[in-house]
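Residue-level structure breakdown
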Amino acid sequence: MAVLLEDIAQAVELWLKRIKKQDPYVDPNLDPVLLVPGIAGSILNAVDNDTGKEERVWVRILGADREFRTKLWSRFDPSTGKTVSFDPKTNVMVPQDRNGLYAIDNLDPDMVIGGDSAYYFHEMIDEMISWGYNEGKTLFGFGYDFRQSNRFHETMEGLAAKLEIVFSASGGKKINIISHSMGGLLIFEKYVKSWIAIAAPFQGAPGYITSALLNGMSFVDGWEQNFFVSKWSMHQLLIECPSVYELMACPDFAWEHIPLLEFWRETHDGDGKSMAMLVSYPPIEAISILKQALSINAVNYEGVNIPLPFNLEILKWANETRKVLSRAKVPSQVKFYNIYGTNLETPHSVCYGSEDAPLTDCKELPCYWGNYIYVNGDGTVPVESAKADGLNAEARVGVPGEHRGILHDKHVFRILKHWLKADHDPYYNPINDYVILPTCFEIEKHKEKGLQITSLKEEWELVTNDDQDKEDDDNNKANSSSKNPMVGSISVSKQQEEAHATIIVHPQTEEGMQHVELTAVSISAGA
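Attention here is on the structure that accompanies the text. (Residues numbered from 1 in each chain as written. Predicted model: local features only at pLDDT ≥ 70, side-chain atom pairs only at ≥ 80, totals over all residues. Heavy atoms only, no water.)

1. What about the overall build of the protein?
Regarding its fold elements, the protein presents 12 helices and 23 strands. Within the protein, the fraction of its 527 residues that count as buried is 47%. Of the accessible surface of the protein, which amounts to about 27,000 Å², a share of 53% is contributed by carbon and sulfur atoms. (Helix = DSSP H or I, 4+ residues; strand = E, 2+ residues; numbered from the N terminus. Buried < 20%, exposed > 50% of the residue type's maximum accessible area, 1.4 Å probe, protein only. Areas by Shrake-Rupley, 256 points an atom, 1.4 Å probe, with all protein chains shown as cover.)

See below:
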């Protein structure tokens, strides 16, 4: 019984903590941060123009596919550059609660089981609050209708207005923008201090977008897919989204390996015998194949058959967007940083059919699942694309991680904390994720027989919390017959001076600490 009473007491204590939260630590010296999501990273509400009733249509589980088709399916209007819902009574809005953070935090707040699958910036927001950020004072969000182009005027006007709000609320401090994927590519010089791009597809996401245009995509994995928007329903939306066309492979980029759309086509020889031939199309030539493949694509909406082919008007718009972005430069006073995901198989080219089962017509492509040819990346964006920002970056750091999962990666949190100067740790090295802690520094000088002799001794402790580093170190220890320190030496000489140094690197301890010693002597003449 005592154990049960203790459990009850602990449960009540936990409940009290939840209903009586302590005020979080707030650091008044931090500069404001604006979080900007990528495609599908904002809650979207449908507002009935007649009644004013508002309901969430992205993201939701109950009735997800039906509401998605009814409220979000849309057509692109080339005269305005806007993607407009089929339903004339529906206006799509982004909720502005919690200074814009609500819409980009948990995309389905009603999901109890498996709720973390709908997290977007949730963990990052919690982490930054623990650093001393304050919602509405130094931490803000900017959600937007991700169906639209990255240069759609209403989106850019909304971002400009949000920057003014943040600038004013923070007392006139310049803003650090943290954007994910395609979010926040155009910067407003007046208000911005730095721009940190995470997993940005600067040159496109070739394989992923090609298959998305032909077959659709799913934003939820596992059992939740059974309750979510179907891949086919998503496909019909994406075909009319400028933001998706703007993620197609940049044809002017000097790819190490050109991304291809390939498929096995059935042909016949001179005797009429059928045979399979693999045909390949680089980005520009692939357009004609996409056009043929989607030429008969259509949906039935409220009893009306609506053609949804590959949209050449959107492609024209997207090409102009690419030109605008290629000419854009980050102002000299704005610091730019780039974090990109690595170590995952990432679609680069996609191939349909097989030698044993070739296609007879391009129109069959949407009915087949493609086979990817992979490169290194975050599962969506190749490293090659993410690194090619074409900007004067303060730093570019690759982090092993998945495209959206990288937003709650502890390594990324440490890097951000350092770049935002929220850690007050001048010794942290974000590229390798460790802290360099000086523990000893001694220097002596004396003259001997007309020579200036200088001796130096310096020691450090390398402190890491990276589990992978510990695992690698354990593997190294297991594969080594000795746990002795590693010793290296170096000698350098130039006119009338020479120096010799010895470096000793001790094995990493169980606590994740590694001791490094440097001893050096220099001898110079005529000093």
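2. Let's talk about the sheet that holds strand E9 (residues 192-198)
Pairing in this open sheet of six strands is parallel, and the strands run E7-E1-E8-E9-E14-E17 from one edge to the other. With one partner strand each, in any of the chains shown, strand E7 (139-141) and strand E17 (393-400) form the two edges of the open sheet. Direction aside, neighbouring strands of the sheet carry axes that sit 15 degrees apart on average. The pairing of strand E1 (residues 33-36) with strand E8 (residues 175-180) spans four bridges and is parallel. Across the sheet, residue Val36 finds its bridge partner in E8, namely Ser179. (Pairing = 2+ DSSP bridges. Axes fitted to C-alpha atoms, helices over the stretch in contact; angles between N-to-C directions.)

3. What to know about helix H3 (residues 122-131)
Along H3, the residues classified as buried are His122, Met124, Ile125, Met128 and Trp131. Looking at the residues trailing H3, positive phi occurs at Gly132, about 120 degrees.

4. A short note on the packing of helix H2 (residues 64-72) against helix H6 (residues 231-238)
A pair of packed helices is characterised by two quantities: the angle between their axes and the separation of those axes. Remark: H2 packs on H6, axes separated minimally by 10 Å, with the N-to-C direction vectors making an angle of 15 degrees. In terms of axis orientation, H2 runs roughly parallel to H6. In the packing of H2 onto H6, the handedness of the crossing is left-handed. Residue-level contacts link Asp65, Phe68, Arg69 and Leu72 of H2 to Trp232, Ser233, Met234 and Leu237 of H6. A breakdown of the residues in the contact of H2 with H6 according to their chemical character gives five nonpolar, one polar and two charged. (Parallel < 35°, antiparallel > 145°, perpendicular 65-115°, else oblique. Left-handed = near helix turned anticlockwise from the far one by under 90°. Contact = heavy atoms within 4.5 Å. Nonpolar A, V, L, I, M, F, W, Y, C, P; charged D, E, K, R; others polar.)

5. Here's the deal with the environment of Tyr337
For Tyr337, the location among the structural elements is in strand E14 (residues 335-342). Expressed as a C-alpha distance, the spacing of Tyr337 and Trp419, which sit 82 residues apart in the sequence, is 8.7 Å.

6. Brief notes about the sheet that holds strand E2 (residues 44-48)
If you walk across this open sheet you meet the three strands as E3-E2-E6, and the pairing is antiparallel. The sheet terminates laterally at strand E3 (54-58) and strand E6 (90-93), the two strands that pair on one side only. Ignoring which end each strand starts from, the neighbouring axes of this sheet average 35 degrees apart. Both E2 and E6 contribute to a ladder of four bridges, which runs antiparallel. Paired with Ala46 across the two strands is Val92, which belongs to E6. Of the strands in this sheet, E2, E3 and E6 touch H2, which is tilted by about 105 degrees from E3.

7. Section: the packing of aromatic side chains
If you walk through the whole model with that rule in mind, you get 17 aromatic pairs. Measuring from centroid to centroid gives 5.1 Å for Phe167 and Tyr191, while their planes differ by 65 degrees, and the two rings are edge-to-face. In this pair, Phe167 sits in helix H4 (residues 153-169) while Tyr191 sits in the loop between E8 and E9, placing the two residues 24 residues apart along the sequence. We classify Phe167 as partly exposed; its relative accessible area is 24%. Taken together, the ring pairs in this structure connect Trp73, Phe86, Trp232 and Tyr301 into an aromatic cluster. Sitting over the ring of Trp317, Arg151 keeps its end group 3.9 Å from the ring centre. (Phe/Tyr/Trp six-rings, centres within 6.5 Å; stacked < 30°, edge-to-face > 60°. Lys NZ or Arg CZ within 6 Å of the ring centre and 35° of its normal.)

8. What to know about the environment of Ser42
The topology assignment puts Ser42 in the loop between E1 and E2. Since its relative accessible area comes to 0%, Ser42 is described here as buried. For the pair formed by Ser42 and Leu101, sequence separation is 59 residues and the distance between their alpha carbons is 9.5 Å. Not counting residues up to four positions away in its chain, the partners in contact with Ser42 are Pro37, Trp58, Ala103, Ile104, Leu107, Gly143, Tyr144 and Phe146. In terms of polar contacts, Ser42 uses its side chain to reach the backbone amide nitrogen of Tyr144, at 3.1 Å. (Polar contact = N/O pair within 3.5 Å; in protein donor to acceptor, adjacent residues only side chain to side chain.)

9. A look at helix H11 (residues 410-419)
An α-helical turn contains 3.6 residues, so any two residues separated by three or four positions project in the same direction. Within H11, seven of the 10 residues are buried, leaving the element largely enclosed by the surrounding structure. In this structure Asp409 caps H11, since a side-chain oxygen of it lies 2.8 Å from the backbone nitrogen of His411. One or two steps after H11, the chain reaches Lys421, where phi turns positive at roughly 60 degrees.

10. Overview of the nonpolar core
Among the nonpolar cores identified, the biggest contains 117 residues, and Leu35, Trp58 and Ile198 are the most heavily contacted of them. When neighbours within four sequence positions are excluded, Ile198 is seen to be in contact with Met124, Ile178, Ser179, His180, Ser181, Ile339, Ile406, Leu407, Val412 and Leu416. (Core = buried A, V, L, I, M, F, W, Y, C linked by side-chain atoms within 4.5 Å.)

11. Topic: the side chain of Asp105
Checked against the element boundaries, Asp105 lands in the loop between E6 and H3. Those residues in contact with Asp105 that lie beyond four places of it in its chain are Arg98, Ala118, Tyr119, Tyr120, Phe121, His122 and Ile125.

12. Focus on the pairing of E1
Side chains of E1 alternate between two faces, with Val33 and Leu35 and Leu34 and Val36 buried alike. Where E1 meets E7, three bridges bridge the pair, whose relative direction is parallel. Looking at E7, one finds that Leu34 is bridged to Phe140.

13. Digging into the pattern of salt bridges
Applying the stated criterion to the full structure yields 13 salt bridges. Of the charged contacts, one joins Arg60 and Glu55 as a salt bridge, the two residues approaching to 3.4 Å between their closest N and O atoms. Among the salt bridges present, the one from Arg66 reaches Glu67, with a minimum N-O distance of 2.3 Å. Overall, Arg66 belongs to the partly exposed group, its relative accessible area being 48%. What emerges from the salt-bridge pattern is a single network uniting Arg56, Asp108 and Asp110. (Salt bridge = Lys/Arg side-chain N within 4 Å of Asp/Glu carboxyl O.)

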